Amino acid sequence: MRRFSVRPLRDDLAMDTRFTALAAHAAINHGVFATRTAHRLGASDRLLHEWLQMGRIFRVGTHTFVCAGTPMTWHTELAAGLGDLGPRAAAGGRSAAALQHLDGFGGQFVELWLPRGQRSRQTNATVRTCSRPLQAGDIVTVDGIRCLSAERLILDSLLFRFTPSEIHNAIDSAIRMRLVSERRLRKRILDELPTNSPHRRRLVGALIDLGGESKLERRFLALIRQAGLPRPHLQRIYRAGARTIARVDAEFEGDVIVELDGHGTHASRAQRQRDAQRRTELTLLGKRLITFTYDDVYGRPDWALDQLRTARSRLAA
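The sections below set out a description of the structure shown in this document. Computed from a predicted structure; not experimentally measured.

### A closer look at the nonpolar core
And step 1. Residues L78, L99, L153, I154, I171 and L185 are the most contacted members of the largest nonpolar core, which totals 46 residues.
And step 2. In terms of residue count, the dominant contributor to this core is helix α5 (residues 74-85) (six residues).
And step 3. Ranked by size, the runner-up nonpolar core spans 17 residues in total, among them L229, F252, F292 and A304.

### Looking at helix α8 (residues 164-176)
And step 1. In a regular helix each residue adds 1.5 Å, so 13 residues correspond to 18 Å; α8 covers 18 Å between its end C-alpha atoms and thus fits that length.
And step 2. Those residues of α8 that fall on the buried side of the exposure criterion are E166, I167, N169, A170, I171, D172, S173, A174 and I175.
And step 3. Contact partners of the buried residues in α8: α6 (93-99), α7 (150-155), α9 (182-192), α10 (198-207) and α11 (215-226).
And step 4. Looking one or two places after α8, you find R178, whose phi comes out positive at around 65°.

### Digging into the pattern of salt bridges
And step 1. Scanning the model with the defined rule gives 22 salt bridges in all.
And step 2. As a salt-bridge pair, D16 and R18 come within 3.0 Å of each other at their nearest N and O atoms.
And step 3. A relative accessible area of 33% places R18 in the partly exposed class.
And step 4. We note a salt bridge from R236 to E251, for which the minimum N-O separation is 3.5 Å. On the criterion of sequence distance, the pair formed by R236 in strand β9 (residues 233-240) and E251 in strand β10 (residues 243-252) is long-range, its members being 15 residues apart.
And step 5. Through salt bridges with shared partners, a single network forms among R132, D138, E151, R152, D156, R184, R188 and E192.

### Some details on the environment of D306
And step 1. As for its position among the elements, D306 is in helix α14 (residues 301-316).
And step 2. Spatially, the C-alpha atoms of D306 and L47 are 75 Å apart, while their sequence positions differ by 259 residues.
And step 3. Looking at D306, its side chain comes within polar contact range of the side chain of R309, at 3.3 Å.

### Focus: the pairing of strand β7 (residues 139-142)
And step 1. Summarising the sheet, β7 and strand β8 (residues 145-148) pair through four bridges and their orientation is antiparallel. Across the sheet, the residue bridging to T141 is R146, located in β8.
And step 2. Between β7 and the antiparallel strand that follows it, β8, lie two residues; D143 among them carries a positive phi value of about 55°.

### Considerations on the packing of aromatic side chains
And step 1. Under the counting rule described, the total for this entry stands at seven aromatic pairs.
And step 2. Seen in terms of ring centroids, F220 and F292 are 6.2 Å apart; in terms of plane orientation they differ by 40°. Their pairing is tilted. Of this pair, F220 sits in helix α11 while F292 sits in strand β12 (residues 288-293); the two residues are 72 residues apart in sequence, bridging distant segments of the chain. Here F220 and F292 have matching classes, each one buried.

### Digging into the environment of S157
And step 1. Within the secondary structure, S157 sits in the loop between α7 and α8.
And step 2. Relative accessible area serves as the criterion here: at 1%, S157 is assigned to the buried category.

### Observations concerning the side chain of Q235
And step 1. Residue placement: Q235 occurs in strand β9.
And step 2. A distance of 3.2 Å separates a polar atom in the side chain of Q235 from a polar atom in the side chain of R247.

### Overview of the sheet that holds strand β2 (residues 57-59)
And step 1. Overall, antiparallel pairing links the three strands, which are arranged β1-β3-β2 in an open sheet. Each having just a single partner strand, β1 (32-34) and β2 make up the two edges of the open sheet. Averaged over all pairs of adjacent strands, the angle between their axes in this sheet comes to 35°, without regard to strand direction.
And step 2. As paired strands, β2 and strand β3 (residues 64-67) are joined by three bridges and run antiparallel to one another. The partner of F58 across the bridge, within β3, is V66.
And step 3. Strand contacts of helix α2 (residues 17-27): β1, β2 and β3, with the helix running at about 120° to β1, the strand carrying the most contacts.

### Details of the sheet that holds β10
And step 1. On the basis of which strands lie adjacent, the open sheet formed by four strands has the order β9-β10-β11-β12 and mixed pairing. Every other strand in the sheet has two partners, leaving β9 and β12 as the edge strands with one partner each. On average, adjacent strands in this sheet sit at an angle of 45° to one another, irrespective of strand direction.
And step 2. The sheet contact formed by β10 and strand β11 (residues 256-261) spans three bridges and is antiparallel.

### Points about the pairing of strand β5 (residues 111-115)
And step 1. In terms of residue burial, β5 counts as a mostly covered element, since five of its five residues are buried.
And step 2. Covered by surrounding structure in β5 are E111, W113 and P115 together with L112 and L114, the residues of both alternating faces.
And step 3. In this sheet, β5 lies alongside strand β4 (residues 90-91) in antiparallel orientation, the contact comprising two bridges. Considered in β5, the bridge of A90 is made with W113.

What counts as what
Residues numbered from 1 in each chain as written. Predicted model: local features only at pLDDT ≥ 70, side-chain atom pairs only at ≥ 80, totals over all residues. Heavy atoms only, no water. Core = buried A, V, L, I, M, F, W, Y, C linked by side-chain atoms within 4.5 Å. Buried < 20%, exposed > 50% of the residue type's maximum accessible area, 1.4 Å probe, protein only. Helix = DSSP H or I, 4+ residues; strand = E, 2+ residues; numbered from the N terminus. Expected span 1.5 Å × (residues − 1). Contact = heavy atoms within 4.5 Å. Salt bridge = Lys/Arg side-chain N within 4 Å of Asp/Glu carboxyl O. Polar contact = N/O pair within 3.5 Å; in protein donor to acceptor, adjacent residues only side chain to side chain. Pairing = 2+ DSSP bridges. Phe/Tyr/Trp six-rings, centres within 6.5 Å; stacked < 30°, edge-to-face > 60°. Axes fitted to C-alpha atoms, helices over the stretch in contact; angles between N-to-C directions.

Put into structure tokens, the structure is as follows:
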């Protein structure tokens, strides 16, 4: 990690309240301050130049600086880019997705969003501009960084050239984490994106198989759709009075329930007992349970579909 070195502090600098104020501002902004902040706190361009010569501050962007001793982290790079672009900019794309911990997005990208009217502003990071106005809730603050909400970053994912896999990851995890409502997202896609837009078609296509709470469930739904089978009911809950018997992954007409097992296993005796009780009680309700593993769904999908068709046809007979 890059860290800017510190030189001995001169007495006159230590007593300079302007430097103290800037350092305090930087301390809550991942070590970064912008030229406009320095001017507001009384530090002129000439004084900033003197501090640069002394090694007390270092330039990190077109209009941003850090104090000596500041580690250059991913958050610092984001804060510097936003400082360069001004108060209407926000982290976007993969950066906004990583800040909100969406699946498959790490903190290695510095991607920023800016209103189209301010596209002349410059920074060292990747910047995409958009003329579509922000709606209420489109900007959130995460870790002290202003960024696009999960909903808005999905709508603007084409700007940042998201791959189909990245779009699916963003949508899946945002809905699972309750950052996005499927109904509201779908409405915004249809209302705000041009009818003939390829990006609109891509996002609508990505929403078709929503409903599962994991990639495995989403993949299973895609197989069902591609095979022409009817869409099952998802996450249906069965109760006995106030007690919950089970919440099943997928239930097809004819009382066929499909359970999807990921890589994890239930190691404890208590968990195995609960699973056995769950299967017994569902069977006594007249349900037929079949289970597909991760390897079934991804490794031999044709076999899994054949078993499902067989189960459904036997119950229909």
